[in-house]
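Single-letter residue listing:
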Amino acid sequence: MKRLFLWLCLCLVGLVAWAGEPPRVILIGPPGAGKGTQARYLSEKYHLSHISTGDILRENRKQGTELGQKAAAYMDSGKLVPDDLIVSMVAEKLEGDGGFVLDGFPRSEAQAVLLDTMLAKAGHPINSVILLEVKDNDLVERLSLRRSCPTCQRTYHLKSNPPKKEGLCDVDGTALIQRPDDKEDVIRNRLRVYHEQTEPVLRHYATAPGVVKIDGQLGIEEVQRRVDEALGAPVAP
Ligand code: ADP
Ligand code: AMP
Ligand code: ZN
């Protein structure tokens, strides 16, 4: 009882603190680390805008836009889409002063520098950088067994996080698909690109306020608990 009371007080203090400054979060990590899974959790729990550059690009491809057409070949081979295309695409999503969680961006040092400049101009700097760490071999297994919903973009895993009805999204019943870039040869290329081009972003934010590393190999719920903690949110005892 006493513990519960203490926790409720902490919640209240946390919520008051958050009322001043909404979370502006970068979720960073290799492909398959669980960024989308955790970003969706955060955006639903704290009403943050979930900005996934991969999802925006896939939507552009579906709609056949010029951006989608330009991005297609890069995505299919696991390369990064050029920075100028990505940054102008993200800029419009960052307008306004609400909280957000960035999933899959920034992915190069140039993108990180441009993001910092944009946010500094708006007076809304990033206040949390969360790195999800998972070993390469586990990532290959995770991505090979990932299935995605083309309607709501939720992801499932055939073993660790299967849908309730085989092959169908729990939320909207859409038939799940395997992304064309979730095949082993493209996965290996995406991991190479991560180590070469995205790891410098970790060094870029190494001394930023609110940087936390989380073991992404833990179960989804334990990672969620640690992500909450990283945001300074009150977590259940
Ligand atoms: P990312 O957005 O970083 O590419 P996802 O969130 O799509 O990664 O997760 C990749 C795959 O791993 C999905 O199949 C997802 O269900 C599964 N997954 C996510 N987090 C975990 C976890 N903590 N433990 C086991 N599997 C996970
Ligand atoms: P994701 O859904 O995050 O795994 O991204 C899928 C693909 O979209 C990547 O392999 C890249 O080709 C492209 N992409 C997504 N985000 C970015 C980004 N920030 N910079 C460059 N390319 C990106
Ligand atoms: Zn769905």
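The notes below deal with the structure included here.

What counts, and at which threshold
- Residues numbered from 1 in each chain as written.
- Chains lettered and ligands numbered in written order.
- Predicted model: local features only at pLDDT ≥ 70, side-chain atom pairs only at ≥ 80, totals over all residues.
- Heavy atoms only, no water.
- Near = heavy atom within 4 Å.
- Polar contact = N/O pair within 3.5 Å; in protein donor to acceptor, adjacent residues only side chain to side chain.
- Areas by Shrake-Rupley, 256 points an atom, 1.4 Å probe, with all protein chains shown as cover.
- Helix = DSSP H or I, 4+ residues; strand = E, 2+ residues; numbered from the N terminus.
- Nonpolar A, V, L, I, M, F, W, Y, C, P; charged D, E, K, R; others polar.
- Salt bridge = Lys/Arg side-chain N within 4 Å of Asp/Glu carboxyl O.
- Buried < 20%, exposed > 50% of the residue type's maximum accessible area, 1.4 Å probe, protein only.
- Donors = N, O, S within 2.8 Å, 3.2 Å for Na, K, Ca; no water.
- Core = buried A, V, L, I, M, F, W, Y, C linked by side-chain atoms within 4.5 Å.
- Contact = heavy atoms within 4.5 Å.
- Pairing = 2+ DSSP bridges.
- Axes fitted to C-alpha atoms, helices over the stretch in contact; angles between N-to-C directions.

### What to know about the site of ligand 1
Reasoning step 1: Close contacts around ligand 1 come from 20 residues, with Gly 32, Thr 37, Arg 146, Tyr 156 and Leu 218 the closest.
Reasoning step 2: Tyr 156 is positioned such that a nitrogen or oxygen atom in its backbone is 2.8 Å from an oxygen atom of ligand 1.
Reasoning step 3: The separation between a nitrogen atom of ligand 1 and a polar side-chain atom of Ser 160 is 3.1 Å.
Reasoning step 4: Expressed as a share of its isolated accessible area of 560 Å², the protein-covered part of ligand 1 is 92%.
Reasoning step 5: Mapped onto the shell around ligand 1, the elements with two or more residues apiece are helix 2 (35–46), strand 6 (155–157) and helix 9 (220–230).
Reasoning step 6: Here the residues of the shell around ligand 1 are counted per class, giving 7 nonpolar, 10 polar and 3 charged.

### Side note on the pattern of salt bridges
Reasoning step 1: Applying the stated criterion to the full structure yields 17 salt bridges.
Reasoning step 2: Here Glu 44 ties to Arg 154 by a salt bridge, and the two come within 2.6 Å at their closest N and O atoms. Residue Glu 44 is located in helix 2, and its partner Arg 154 is located in the loop between strand 5 (146–148) and strand 6; the two are separated by 110 residues in the primary sequence.
Reasoning step 3: Judged by relative accessible area, which is 49%, Glu 44 ranks as partly exposed.
Reasoning step 4: Connected through shared salt-bridge partners, Arg 146, Arg 179, Asp 181, Asp 182 and Arg 190 make up one network.

### Comments concerning the site of ligand 2
Reasoning step 1: Residues in contact with ligand 2 amount to 16 residues; listed here are only the nearest, Thr 53, Arg 58, Lys 79, Gly 104 and Gln 111.
Reasoning step 2: Here a nitrogen atom of ligand 2 and a backbone polar atom of Gly 104 are 2.9 Å apart.
Reasoning step 3: Here Arg 190 contributes a side-chain N or O atom positioned 3.4 Å from an oxygen atom of ligand 2.
Reasoning step 4: Counting residues per element, the shell around ligand 2 draws most heavily on helix 3 (residues 53–63), which supplies 4 residues.
Reasoning step 5: Class assignment for the residues of the shell around ligand 2 results in 6 nonpolar, 4 polar and 6 charged.

### Observations concerning the coordination of the zinc ion (ligand 3)
In an ideal octahedron of six donors the angles at the metal are 90 or 180 degrees, and in an ideal tetrahedron of four donors they are 109.5 degrees.
Reasoning step 1: Around the zinc ion (ligand 3), the protein contributes the donor atoms Cys 149 (SG), Cys 152 (SG), Cys 169 (SG), Asp 172 (OD) and Asp 172 (OD), which lie 2.3 to 2.7 Å from the metal centre.
Reasoning step 2: Between consecutive donors of the zinc ion (ligand 3), the numbers of intervening residues give the motif C-x2-C-x16-C-x2-D. One end of the pair, Cys 152, is in the loop between strand 5 and strand 6; the other, Asp 172, is in the loop between strand 6 and helix 8 (184–204), and 20 residues separate them in sequence.

### Examining helix 3
Reasoning step 1: The set of residues buried in helix 3 consists of Thr 53, Gly 54, Asp 55, Ile 56, Leu 57 and Asn 60.
Reasoning step 2: Looking one or two residues past helix 3, Gly 64 carries a phi angle of roughly 70°, positive in sign.

### What about the nonpolar core?
Reasoning step 1: Within the largest apolar cluster, 27 residues are counted, with the highest numbers of intra-cluster contacts made by Ile 26, Leu 57, Leu 94, Leu 102, Leu 115 and Ile 126.
Reasoning step 2: Contributions of two or more residues to this core are made by strand 1 (24–28), helix 3, helix 4 (66–77), helix 5 (83–91), strand 3 (100–103), helix 6 (109–122), strand 4 (128–133) and helix 8.
Reasoning step 3: Once residues lying within four places of it in the same chain are set aside, the contact partners of Leu 115 are Ile 26, Leu 94, Leu 102, Phe 105, Pro 106, Ile 126 and Tyr 205.
Reasoning step 4: Grouped together as the second largest cluster of nonpolar side chains are 22 residues, Val 25, Tyr 41, Leu 48 and Leu 231 included.

### Description of the sheet that holds strand 3
Reasoning step 1: Spatial ordering of the open sheet is given by 2-3-1-4-7, a layout of 5 strands whose pairing is parallel. Edge positions in the sheet fall to strand 2 (49–52) and strand 7 (211–215), since each of these pairs with one other strand and no more. Strand-to-strand twist of the sheet, defined as the mean angle between neighbouring strand axes without regard to direction, takes the value 20°.
Reasoning step 2: In the sheet, strand 2 pairs with strand 3 via 4 bridges, with the strands oriented parallel. Bridge pairing in strand 3 places Ser 49 opposite Phe 100.
Reasoning step 3: The sheet strands contacting helix 9 are strand 4 and strand 7, and the helix crosses strand 7 at an angle near 170°.

Interpretation in functional terms is not warranted from these geometric data alone.
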